[in-house]
Amino acid sequence: MLAESKQVILTGDKTQCADIRIIPTGIIEVDIPSEERHYEADFAQLYFYTHTQKTELVCRSEQKNDVVQWKLEIANDDARELLSMIERAEDEFEQLMRSL
């Protein structure tokens, strides 16, 4: 069970890169080196909102108030690839749990 990593370019006001790590136990980690920021969330907290040329990856709190904890604007292609990576990680974890 290995984590997968991907670097994406954030869309928005200024061009920045984010290093994203998908961990099969259901965790996503995001590092934005230029701002020295680190985000972490469970897969269940993630939502993808697609607009014309970009997708917002949004992390909402697990509380009832559903507050946005952080969000990233990324290209639609990167969002599709991240979603695919998350699905693979979930499948891999499920297979591991069944074999135990």
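Residues numbered from 1 in each chain as written. Predicted model: local features only at pLDDT ≥ 70, side-chain atom pairs only at ≥ 80, totals over all residues. Heavy atoms only, no water.

Student: Hey, could you run me through the nonpolar core in this one?
Tutor: It is characteristic of soluble globular proteins that their nonpolar side chains tend to be buried jointly. Counting 22 residues, the largest nonpolar core has I20, I22, I28, V30, L46, W70 and L72 as its most contacted members. Where this core is concerned, the elements lending two or more residues are β1 (4–10), β2 (16–23), β3 (27–32), β4 (37–42), β6 (54–60), β7 (68–75) and α1 (76–99). For this core, the element with the highest residue contribution is α1, accounting for five residues. Ignoring sequence-local partners within four residues, the contact set of W70 consists of V30, Y39, E40, A41, L46, L57, V58 and C59. (Core = buried A, V, L, I, M, F, W, Y, C linked by side-chain atoms within 4.5 Å. Buried < 20%, exposed > 50% of the residue type's maximum accessible area, 1.4 Å probe, protein only. Helix = DSSP H or I, 4+ residues; strand = E, 2+ residues; numbered from the N terminus. Contact = heavy atoms within 4.5 Å.)

Student: How do you make sense of the pattern of salt bridges when you look at a structure like this?
Tutor: Pairing between side chains of opposite charge can happen when their charged atoms approach one another. Counting across every chain of the model gives nine salt bridges. We note a salt bridge from D77 to R80, for which the minimum N-O separation is 2.3 Å. A residue pair is termed a helical-turn pair when its members lie 3 or 4 positions apart in one helix, as D77 and R80 do in helix α1 at three residues. For D77, a relative accessible area of 54% puts it in the exposed group. Residues participating in the shared-partner salt-bridge network are K6, D78 and E81. (Salt bridge = Lys/Arg side-chain N within 4 Å of Asp/Glu carboxyl O.)

Student: What should I look at first to understand the UniProt feature "coiled-coil region" (unreviewed entry) in the protein chain in this one?
Tutor: Per the UniProt entry, the sites bearing "coiled-coil region" (unreviewed entry) are residues 72–99 in this numbering. Taken as a whole, residues 72–99 contains 86% helix and 14% strand, while its terminal C-alpha atoms sit 36 Å from one another. (UniProt positions renumbered as here; feature names shortened; annotations may be inferred.)

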